[in-house]
Amino acid sequence: MAGARRASRRRYVLLVILLTCLTLITLDTRNGRSGPLGAMGRIAHRIVSPAQGAVDDVARPVGDWWDGLINSGNLKRDNRRLQEQIAALRGKETAADQAIKENIELKKSLLLHNLLEVKNVTGLIVGRDPGNFDPTLTIDKGSETGISVDMPVIAPEGIVGKVIEVWNGGAKIQVLTDPNFSVGVQTPGHGASPATTGIASGQVGSHDLAVLFDAGTSVLRGDQIVTSPQSTLFPSGLAVGTIATATNQPGNIGVNATITPYVHLGALQHVTVLLWSQGTPGPVLPTTTTTSTTTTTTVPGSTTTTRVGG
Amino acid sequence: MTRASRLGALIFVIVITQVAVFPHLRLFGVVPDLGMIVALAVGYQEGPEAGAIVGFVAGFGFDLFLSTPLGLDALTYAIVGYAIGVLESGLFRSPRWLPSFLGVVGGLAGGLLFIGIGVLVGVGAVKGTQGVVTISYAALYDALLAPLVFFLVRRVLGRDDRVRDAWSSR
């Protein structure tokens, strides 16, 4: 009798737990982390962030040693590949310097001020991918610096992702390789073929982004891809990556392409959050007024500004 | 310090370790599920009800740090902790390799459950064969760490045969 009652109680406890979990999953999926559930997450982050930062300082060298131990073969291969790349880049540097000088002169002569000036905050990465299906980064700067959800995140090499959660003292970033991440991108034009735009998304089990361009788009391996003017998430012109593969879809209804991002997420230590929200061009794009003799560029606010595109 | 508070402290430490330390100690690119191993150990030692409750608490604690839906890990860990508690009652012997074996089996079962529910609620990262490969590696990692976690849980809870029944009679 007592055994049956105990078994019944066990099933009752399991049922309560299952129903609680299903309710939590439903609420979180429908409403996101904006309500009380989100507040709990933010409180947990605030409690753990200082410890996470301290542990990170200690664990990073240990992690580097561990990586060296586990991936020693890859490290040697990477080292050889990087040496070759350095040699090739040295050769290109001179030509690039010349092109940059020429570009500056041309812009001066055309009085174009198309470089974006965006208020930004640079954060140290204190946590990454805590789970196996959670491609995120955690940084040590949060709402106190003006960061809010959906703000774009970049590194010197190119875009990194977007902010998905913020609390006082930290923020979580969804990286661009997450299958739930997407960004508007643009190809360079080739001769008579104009630049084309598309939506690039992360892929399951891959570090490349997938994108479908319209049929007839001229895309070549190695083409440099940037964010498109139609992108609501990122200012246009930010570097995304290079075309790795491009194949025509059967029936010639489009061009399937993959983009290898410029950023190496595993090597990042710092990232920059652009204090820019979609649909608010005011704080980002400089207002340029040209008189007969002078040009004045005004950016609202007075915090740090940086040049992120061209 | 009561057993419950000791267990609570262990869960807290486990969650912090999972979030702050193990992302630096990946094996084959994956991290272990320490919370799930704790649920397995408690379920094995204390019975299904305790396994489910501890699994829920550990999973919920871990969920707070993930971008996957809140409650997904809590549900997975609770079911696995409960199942191990039920299966344990049919075991007559406890060989030394049992924690590692439970780590692999629990890791695989929990991982598949996570993927199944994840697909239903739209978690993009779990789709495809890559998800199965990931949980297989994670289950092996769980097996490596399971003897240590089982040892810790045994030390925290102590050995008391009356306790197993106390979870249900409370």
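No experiment lies behind these values; they were computed from the predicted model shown.

Trainee: Would you mind going over the overall build of chain A with me for this structure?
Mentor: For chain A, the helix and strand inventory stands at three helices and 15 strands. A buried classification covers 37% of the 310 residues belonging to chain A. Taken as a whole, chain A presents about 16900 Å² of accessible surface, with 57% of it coming from carbon and sulfur.

Trainee: Can you walk me through the pattern of salt bridges in this structure?
Mentor: When charged atoms on two side chains of opposite charge get close, those side chains can pair. Evaluation of the coordinates by the stated rule reveals six salt bridges over all chains. A:Arg9 serves as the salt-bridge partner of B:Glu49, at 3.4 Å between the closest nitrogen and oxygen. Pair noted here: B:Glu49 is in helix α3 (residues 48-63) and A:Arg9 is in helix α1 (residues 2-31), and the two residues belong to different chains. For A:Arg9, a relative accessible area of 32% translates into the label partly exposed.

Trainee: Looking at this structure, how should I read the nonpolar core?
Mentor: Looking at soluble globular proteins, one finds that nonpolar side chains tend to be buried together. Of all hydrophobic cores here, the largest spans 69 residues; its most connected members are B:Val42, B:Tyr141, B:Phe150 and B:Val153. Per-element accounting of this core gives the leading share, ten residues, to helix α6 (residues 129-157) of chain B. Those residues in contact with B:Val42 that sit more than four places away from it in its chain are B:Leu7, B:Gly47, B:Ala50, B:Gly51, B:Val54, B:Val153 and B:Leu157. Within the second largest apolar cluster, 43 residues are counted, among which are A:Ile159, A:Val160, A:Phe213 and A:Ile259.

Trainee: Would you mind going over the side chain of A:Ser228 with me for this structure?
Mentor: For A:Ser228, the location among the structural elements is in the loop between β9 (224-227) and β10 (239-248). Filtering out sequence-adjacent residues up to four positions away, A:Ser228 remains in contact with A:Gly184, A:Val185, A:Gln186, A:Thr197 and A:Ser236.

Rules used in this analysis
Residues numbered from 1 in each chain as written. Chains lettered and ligands numbered in written order. Predicted model: local features only at pLDDT ≥ 70, side-chain atom pairs only at ≥ 80, totals over all residues. Heavy atoms only, no water. Helix = DSSP H or I, 4+ residues; strand = E, 2+ residues; numbered from the N terminus. Buried < 20%, exposed > 50% of the residue type's maximum accessible area, 1.4 Å probe, protein only. Areas by Shrake-Rupley, 256 points an atom, 1.4 Å probe, with all protein chains shown as cover. Salt bridge = Lys/Arg side-chain N within 4 Å of Asp/Glu carboxyl O. Core = buried A, V, L, I, M, F, W, Y, C linked by side-chain atoms within 4.5 Å. Contact = heavy atoms within 4.5 Å.

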